[in-house]
Every structure is written in structure tokens, then in C-alpha cells.
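Secondary and tertiary structure notes
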Number of protein chains: 2
Amino acid sequence: MAEFRLESSAKRNNNVESVENVERTVFFISDGTAITAEVLGHAVLSQFPIKITSYTLPFVASETRAKEIKQQINQIYQDTRIRPLVFYSIISSGVKNIITSSEGFCQDIVQTLVAPLQQETGLEPKPELNRTHGLTEKNLSQYDARIAAIDYALAHDDGISLRNLDQAQVILLGVSRCGKTPTSLYLAMQFGIQAANYPFTADDMDNLQLPATLKQFQHKLFGLTISPERLAAIREERRENSRYASLRQCRIEISEVEALFRKNKINYLNTTNYSVEEISTKIIDMMKLNRRMF
Amino acid sequence: MAEFRLESSAKRNNNVESVENVERTVFFISDGTAITAEVLGHAVLSQFPIKITSYTLPFVASETRAKEIKQQINQIYQDTRIRPLVFYSIISSGVKNIITSSEGFCQDIVQTLVAPLQQETGLEPKPELNRTHGLTEKNLSQYDARIAAIDYALAHDDGISLRNLDQAQVILLGVSRCGKTPTSLYLAMQFGIQAANYPFTADDMDNLQLPATLKQFQHKLFGLTISPERLAAIREERRENSRYASLRQCRIEISEVEALFRKNKINYLNTTNYSVEEISTKIIDMMKLNRRMF
């Protein structure tokens, strides 16, 4: 289980003369999911012109496991004479000390920010209280709300059901493949927000109107739009050479839907250059929704 | 847009005598989604016995917006004589300087780790290269893979379709409400992993067998189980006082399904005390799946 393998780091460069092409091995190590270590570590590394080979090692909770990893880190250092970079977040001091005694260049992603805060607040930190992305008695009811939000998104995906829209915190509108479903699911998963979504289809285009059922929820409506070129490319993946995927059809649909958004004073966002994370947080921002944490 | 409001911080304590009950106002500020600032900031703060009132302010990209926020931070300081805690990640030095010149106690969540790395690598960091959770030309095809994985999870949720299971990277098995759907969706959303899931129902229990269609994908199967008590509580929310939600029925189903997992040598995990993040990363770990980043 969680056996450590090295296949992708077979090629390595012992020569550090050309710094622009430095290759470094990176470890993201955590006694939890390692999601934070990985995301933050990548954010830090992305600022350097380094080619990385990375290993994400979650649930490192025992000293035995830590010793195995230390040995791997040291082996890489002996083979390459380049210190592996290690981003870690580990609560147990026994496990932590083994990792930091390796030949890796180790940075504690959480504790680095804890020390200054300790000084500022005059309070003693208790590392054992921290369990990011964990489930505790305390957050169990919040957690149920998150699962309920996922159920809601699935039950109200793609206009499947227009019942219980009064329970939606936001209702996303847009043409097929503009990002409604991933956004609804992300809002539910990350923030526990109940999001419904409703599609406008090719058949609606002759006389595009806002359905009466939706009109009563005007204040919850949010439109998604996208460049016709990107839309055509996405649709082409689904149905090659179809009318549905043609640039002409995409242009008509987008132009009609944007006109409808403007006419009905519905906030909308062009998703072309945004990730699901960005679209979701922009919606929360624009609609002033409550941003929960899990 | 993104108007800053203070309703939840109405009550505030000017008295810092009892440090155990210190109340602090916290800002998570970013020129992006602020997801990393929020997650990491909470991880840091959770180690201190502080009661927090927090504001997450994403997409802070202009100096005008930064000045508004600085004013809010300073106002809180003037009202309470307690410095607000600020966790930020901002690329533009103009915007950043405005925030850090406020009365808040400001910590840059990414740059704190960049400086030591600069020394270790001898390389000059380029902050403008960093855009966590962003969409770029470079990751556009990866991004399409993520959307495809979400589509796949939806098309193969709850045994809806047993076609194309050869394209699944993992197939989750378990009884109704043990966590299959959220886990499949999270694997797709966070890691771009194509996960199908298949339910065992009450009707299957008399003579529980692994369906022939699944047997051929033995190496991709992964079981989810849960304590009967927690299962009954979750089902009770759905169908009150039903046979489906009875502790007796839950016990029978769980015991039968666990026996099937053992008999067929299927890896399985008890999800009772784990979040979706933990379940998903444990599956990746145990099944040695490729953990992509988005």
C-alpha cells in the first residue's frame, strides 16, 4: 500500500551548470490528504524555471513509513547530488523529525505561517487541532449539508427537475456545454451551495424566452456564456461534424442567449478563459453567496 | 460587485484579557479564487484557541479595490484596537503594497515559502508565472480531460450504464448512500480520474454475487463500506421510518457486502469517519492511480 515508485524519475541530470534547465525531484508529504501541500507546493514551484518530477505521499502517519521515505529522499540525493525539495505538513513530531532529518530541502507549509502568528497573538499553537479536509464531530452536520448540496445539483442538473427551485441558492442558465454542470457540482462539493442549472437548446432559439417557472426566481438566476469558437471545439469532441457543433450554430445560440441575459437583467459571465474554480468563486462573489469551508 | 459587508462581525470584543476567548477578524485576500489562502489560513488558525470572523475576498486585482479593503481593515483596527489577521496571495506589487500597508497583520502564504527556495535553488522567482486554479493554454487539454472525467462519472453513476467500463480507472462498489457518488465526482473534479460506480440494492441481498460484467474488471474494483449506524442515520434523512433506513436492514446490507468484498479479494475502505477528500486520496493511494493536478 502506498508503495513508493520511481519510474517517472528515471532520467535525471547530474549537471547543474545551466540553471534554466534545472531538474528537481519534489516530494509533497502529509499525514492527511496532501491536497494542500500539493496545491501550495505547485504554486511556489511554478514561480521558478525548474523542471520537476514530483511524488505526492499522503497519509504518512507512522515512523516506519517516514523512514522508508527518508531513505528514498537520501537515495535520490546520493544518485544526483541534488537535494530533493520537500513540502510537508505532518503533526506527529516523531514522524516529522524523520522526514526533516533527510537530505531533502524540507519546508513545513503550515508551521512556517504559525510561528509569526504565535508572536502576534501571544497564544500557544496546538498542532494536533489541525486536520484539514478531515471529518470531525464538529463538522458532521456541515458535512451532511455538503452531501445534500451534491444530491441537489444532480437532481437539478440540466433542467431535469424544475421542482424545489425555491431551495436553490443559484440557478445557472446557458447553452449546452458552456460549463453549467461542472460549475453546479463544484459549487456543491467545495462550498455546499445548492445550485440548479437549466439549458437552452437549439429548439429554443427561434423565439428565446425566459421560462415562466424561472422568471419568479429572477434574483437567483446567473448566466454562463462562452466564445463560439471554444464552444464549437468542445461540442466537436462530442458530436463530430454535427450542426450542433458547427461554428454557425454556436454563434447563433450564444448571441441569442446573451441577448436574453441582457434583456432580463441577468448577471452573466463569459467562461472561456476560466477554470471551474474561477467560475464558481466569481459566481459566489457576484451573487453574494455564503462561502462555506469543508 | 464583491461589495464588502460586515454583518457577521457586529459583536466584537475590545478586551483581550482572557486570551482563551480572543476574537479576531481574519481576511483571506487573493487576486485569484482565494481557495488556497482560505484553506491554508484555516489550517494555520485552527491551531490557535481563537474565535474568528472571516472574510474571503477573491479577485482583488485593482489598486482601487485594494484601497477599499485597506480602509476596511484599518476601520476594524480603529474600532477594536486588535489587528485583523490577513492571509494573502497577490501577484501585482502595487496591489500587494496597499494591502500590506494596512493595519492588518499580513502574511503572504506563497512568498513565505518562495524566499527559502530562492536561496536553495539559486534561481530568481517570477511571481507572475503563478496562477493557481487558473486556465492557461498549457493546461487546456488537461482541463478537457477533467471535464471528460466529470461527464464519465455522471454517465456511470449508480450503475446507470455498464458500457465503456474498460475506460474506467476505478469502479466503486457499495450499498446505497455509502458515499459512491460524491467520491466518483470528487475523483473526477479534483484529479481527472474516470470513476464509475455500481450499487448493491436490498433486492441483491438474498444471494449477493458480483455481476459478471464487473468480474472482468476485477483489478479496477474498489469497495466502500460504512458503519450501519451512520448509514441508518443518513438513510433516515432520505426516507423516514422506512425499512430502507432501519438499522436492521443497514446491518444486513453492510455485512453481506463486506463478505462479498472479502470473498472476491476486493480492496475496500470504511468511509464512516472520512471526508470525500480523504476517501478519494486513500483510493488513489491504494489503487496506485495517477494523481493529476488542476
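Residues numbered from 1 in each chain as written. Chains lettered and ligands numbered in written order. Predicted model: local features only at pLDDT ≥ 70, side-chain atom pairs only at ≥ 80, totals over all residues. Heavy atoms only, no water.

**Some thoughts on the overall build of chain A**
Quick reminder of the rule: Only DSSP runs of H or I with at least four residues qualify as helices, and only runs of E with at least two residues qualify as strands; both kinds are numbered from the N terminus onward. A simple rule labels every residue: compare its accessible area, found with a 1.4 Å probe on the protein chains alone, to the largest value its type can have, and call it buried under 20%, exposed over 50%, or partly exposed in between. Pairs of residues are marked as contacts when any of their non-hydrogen atoms sit within 4.5 Å. Per-residue and other accessible areas were derived by the Shrake-Rupley procedure at a 1.4 Å probe size, with only the shown protein chains allowed to occlude residues.
Counting its regular elements, chain A contains 10 helices and 8 strands. With 294 residues in all, chain A has 56% of them scored as buried. Intrachain contacts of chain A at a sequence separation of at least 6 include 70% that bridge at least 24 residues. When the accessible surface of chain A is totalled, it reaches about 13300 Å², and 45% of it is carbon and sulfur.

**Quick look at the nonpolar core**
To be explicit about the condition: Residues belong to one nonpolar core when they are buried, are Ala, Val, Leu, Ile, Met, Phe, Trp, Tyr or Cys, and are joined through side-chain atoms within 4.5 Å.
Grouped together as the largest cluster of nonpolar side chains are 106 residues, with contacts concentrated most on Val-170, Leu-173 and Phe-200 of chain A together with Val-170, Leu-173 and Phe-200 of chain B. If sequence neighbours within four positions are ignored, Val-170 of chain B has contacts with Leu-187, Ile-193, Gln-194, Ala-195, Ala-196, Lys-220, Phe-222, Ile-283, Met-287 and Leu-289 of chain B. Among the nonpolar cores identified, the runner-up in size contains 38 residues, and Ala-43 of chain A together with Val-26, Val-44 and Phe-105 of chain B belong to it.

**Comments concerning the UniProt feature "binding site: ADP" (unreviewed entry) in chain A**
Residues and elements named next belong to chain A. Here is the rule: UniProt positions are given in the numbering used here, feature names are shortened, and annotations may be inferred rather than shown by experiment. In the analysis that follows, any N or O atom pair within 3.5 Å is treated as a polar contact, provided that within protein one partner can donate a hydrogen and the other can accept it, and provided that, for residues neighboring in sequence, both atoms belong to side chains.
Cross-referencing UniProt, the feature "binding site: ADP" (unreviewed entry) maps to Gly-174, Val-175, Ser-176, Arg-177, Cys-178, Gly-179, Lys-180 and Thr-181 in the present numbering. Mapped onto the elements, Lys-180 comes out in helix H6 (residues 180-191). With residues up to four places along the chain from it excluded, the contact list for Lys-180 reads Asp-158, Leu-172, Leu-173, Gly-174, Val-175, Asn-197, Tyr-198, Pro-199 and Leu-224. Reaching out from Lys-180, the side chain makes a polar contact with the backbone oxygen of Val-175 at a distance of 2.9 Å. Its location among the elements puts Thr-181 in helix H6.

**Describing the interface of chain B and chain A**
Here is the rule: Summed over both partners, buried area is the accessible surface (1.4 Å probe) that two parts give up on being assembled. We count a salt bridge whenever a side-chain nitrogen from Lys or Arg sits within 4 Å of a carboxyl oxygen from Asp or Glu.
The interface of chain B with chain A comprises 87 residues on the first partner and 87 residues on the second. For the chain B face of the interface with chain A, the top three residues by lost area are Gln-47, Phe-48 and Leu-113 of chain B, together amounting to 9%. Taken together, chain B and chain A are joined by 12 salt bridges. Here Glu-120 of chain A and Arg-24 of chain B are joined by a salt bridge, their closest N and O atoms 2.8 Å apart.

**Overview of the pairing of strand S6 (residues 195-200) of chain A**
Consecutive side chains along a regular strand alternate between the two faces of the sheet. Residues and elements named next belong to chain A. Heads up, the condition is: When DSSP finds two or more bridges between two strands, those strands count as paired. Looking down the strands as they point away from the viewer, one classifies a crossover as right-handed if the path from the first strand across the helix to the second runs clockwise.
Along S6, 6 of the 6 residues are buried, which leaves the element largely enclosed by surrounding structure. In this sheet, S6 lies alongside strand S5 (residues 170-175) in parallel orientation, the contact comprising 6 bridges. The residue bridging Gly-174 from the neighbouring strand is Pro-199, located in S6. Following the chain from S5 across H6 to the adjacent parallel S6, one finds a crossover that is right-handed.

**Points about the relation of the copies chain B and chain A**
Rules: Least squares is used to superpose the copies, and the fit set is the C-alpha atoms of residues whose pLDDT is at least 70 in both copies.
Aligned on chain A, chain B shows an RMSD of 0.0 Å; the corresponding rotation is 180 degrees and the shift along the axis is 0.0 Å. On this basis, the relationship between the two copies can be described by a two-fold rotation axis. Looking at chain B, 100% of its interface residues are interface residues in chain A too, so the copies touch through the same face.

**Considering helix H4 (residues 111-121) of chain B**
Each full turn of the α-helix corresponds to 3.6 residues, which orients residues three or four apart in the same direction. For the record, the criterion: Working definition: the arc comes from the directions between the helix axis and the C-beta atoms, pointing outward to the latter.
The complete set of buried residues in H4 of chain B reads Leu-113, Val-114, Leu-117, Glu-120 and Thr-121 of chain B. Seen end-on, H4 of chain B carries its buried residues on one side only, within an arc spanning 125 degrees. On its buried side, H4 of chain B packs onto strand S1 (23-30), helix H1 (35-45), strand S3 (85-89), strand S4 (105-108) and helix H4 (111-121) of chain A.

**So, the sheet that holds S6 of chain A**
Residue and element names in this part refer to chain A. Selection criterion: Note on method: axes are straight lines fitted to C-alpha atoms, helices fitted across the in-contact stretch only, with angles between N-to-C directions ranging 0 to 180 degrees.
What the 4 strands build is an open sheet, ordered S6-S5-S7-S8; its pairing is parallel. Single-partner strands in this sheet number two, and they are S6 and strand S8 (268-270). When strand polarity is set aside, the average angle formed by the axes of neighbouring strands in this sheet is 25 degrees. Along the sheet face, H6 touches S5, S6 and strand S7 (221-225) and points at about 175 degrees away from the line of S6. Sitting on the sheet, helix H9 (residues 247-263) touches S5, S6, S7 and S8, and the angle it makes with S5 is about 145 degrees.

**So, the side chain of Thr-272 of chain A**
Residue and element names in this part refer to chain A. Counting through the fold element by element, Thr-272 comes out in the loop between S8 and helix H10 (276-286). Residue classification places Thr-272 among the buried residues on the basis of a relative accessible area of 15%. Among the polar contacts listed, one links the side chain of Thr-272 to the backbone nitrogen of Ser-227, at a separation of 2.8 Å.

**So, the domain arrangement of chain A**
The parts lose accessible area when they come together, and the size of an interface is often stated as this lost area. Basically, it comes down to this: Source of the domain bounds: an automatic or database domain assignment.
Domain boundaries assigned for chain A yield domain 1 (21-119) and domain 2 (137-285). In this structure, domain 1 of chain A and domain 2 of chain A have C-alpha centres spaced 39 Å apart.

**Notes on the sheet that holds strand S2 (residues 51-57) of chain B**
If you walk across this open sheet you meet the 4 strands as S2-S1-S3-S4 (chain B), and the pairing is parallel. Every other strand in the sheet has two partners, leaving S2 and strand S4 (105-108) of chain B as the edge strands with one partner each. Strand-to-strand, the axes of this sheet are offset by a mean angle of 20 degrees, without reference to chain direction. For strand S3 (residues 85-89) of chain B and S4 of chain B, the ladder comprises 4 bridges, and the chain directions are parallel. Of the residues in S4 of chain B, the one forming a bridge with Val-86 of chain B is Cys-106 of chain B. Strands strand S1 (23-30), S3 and S4 of chain B of the sheet are contacted by H4 of chain A, whose axis makes an angle of about 175 degrees with S4 of chain B.

**Details of the packing of H4 of chain A against helix H1 (residues 35-45) of chain B**
Quick reminder of the rule: Orientation labels follow simple angle bins: below 35 degrees gives roughly parallel, above 145 gives roughly antiparallel, 65 to 115 gives roughly perpendicular, and whatever is left gives oblique. Here a crossing is called left-handed whenever its near helix is offset anticlockwise from the far helix by less than a right angle, and right-handed whenever the offset is clockwise. Residues are grouped as follows: Ala, Val, Leu, Ile, Met, Phe, Trp, Tyr, Cys and Pro are nonpolar; Asp, Glu, Lys and Arg are charged; every other residue, Gly included, is polar.
Two elements in contact, H4 of chain A and H1 of chain B, have axes separated by 9 Å at closest approach and are oriented at 55 degrees. Overall, the two elements H4 of chain A and H1 of chain B adopt an arrangement that is oblique. Viewed along their axes, H4 of chain A and H1 of chain B form a crossing whose handedness is right-handed. Listed contacts from H1 of chain B to Leu-113, Val-114 and Leu-117 of chain A of H4 of chain A are Leu-40, Val-44 and Leu-45 of chain B. Across the contact of H4 of chain A with H1 of chain B, the residue classes tally to 6 nonpolar, no polar and no charged.

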